[in-house]
Amino acid sequence: MINICPNCLHPVEHFEKDYHKSEVKAVNVHTSNKNCSILQTNFVKDQAKCSNIQSLRMNAGKIAKDLNLSENQKKDFFNSIIKLKRDRNHLKDYIILQSALNTVLVGG
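Conventions we followed
Residues numbered from 1 in each chain as written. Predicted model: local features only at pLDDT ≥ 70, side-chain atom pairs only at ≥ 80, totals over all residues. Heavy atoms only, no water. Salt bridge = Lys/Arg side-chain N within 4 Å of Asp/Glu carboxyl O. Helix = DSSP H or I, 4+ residues; strand = E, 2+ residues; numbered from the N terminus. Expected span 1.5 Å × (residues − 1). Buried < 20%, exposed > 50% of the residue type's maximum accessible area, 1.4 Å probe, protein only. Arc of directions from axis to C-beta. Contact = heavy atoms within 4.5 Å.

Under an unreviewed UniProt entry, the name given to the protein chain is CRISPR/Cas system CSM-associated protein Csm2 small subunit, and the source organism is Methanococcus maripaludis.

J.: Explain the pattern of salt bridges here, please?
T.: Close approach of charged atoms allows side chains with opposite charge to pair. Applying the stated criterion across every chain yields a total of two salt bridges. A salt bridge links Lys74 to Glu71, with the shortest nitrogen-to-oxygen separation between them at 3.5 Å. In this pair, Lys74 and Glu71 both sit in helix 3 (residues 71–87), three residues apart, roughly one turn of the helix. Across the pair Asp87 and Lys83 runs a salt bridge whose closest N-O atoms are separated by 2.8 Å. With Asp87 and Lys83 both in helix 3 and four residues apart, this pair spans about one turn of that helix.

J.: How should helix 2 (residues 53–66) be read in this particular structure?
T.: Residues that lie three or four places apart on an α-helix share one face, since the helix turns once every 3.6 residues. For helix 2, built from 14 residues, the straight-helix expectation of 20 Å at 1.5 Å per residue is met to within 8% by its first-to-last C-alpha distance of 20 Å. Along helix 2, the residues that are buried comprise Leu56, Asn59, Ala60, Ile63 and Ala64. Along the axis of helix 2, the buried residues cluster in a sector spanning 145 degrees; they form a single face. For helix 2, exposure combined with an orientation more than 90 degrees from the buried face picks out Met58, Lys62 and Lys65. Those residues of helix 2 that are buried lie in contact with strand 1 (3–4), strand 2 (11–12), helix 3 and helix 4 (93–107).

J.: What exactly am I supposed to notice about the side chain of Ser80 here?
T.: Tracing the sequence through the fold places Ser80 in helix 3. Taking the relative accessible area as the measure of exposure, Ser80 reaches 16% and is therefore buried. Once you skip the residues sitting within four places of it in the chain, Ser80 turns out to touch Ala100 and Thr103.

Take a look at the structure:
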C-alpha cells in the first residue's frame, strides 16, 4: 500500500509504525523517496487541502509519472479520482489520491 503525504501530495511508502493516532511520529520513508520527510502529525493532516477535480488530476499526473503507471492504470486512476471526488466531495485531496491509487494498484 502506498500513502500520499498530506503536506506535499507525493507518494510515500510507509512502514508499520506510521500514522499513530495523536502521536508525533517521523515518516519512515523508503530510501528511494527523497521528496518527503515531514512529520505526520494531526496538525499536518488537519491542514491538508480539499480542492477541485482539475487540481487533483494535475497532482495525479505527477504521481502517475513518479510511479511509472501504465496507460490503463493511469486511465483507471483518473476515473477513480473523478468518481471519488463526486461521491465524497468532503474528503481531503490526499485521501482521494491515496484511495484511488491503491484501488488501481491492488486491482491491477
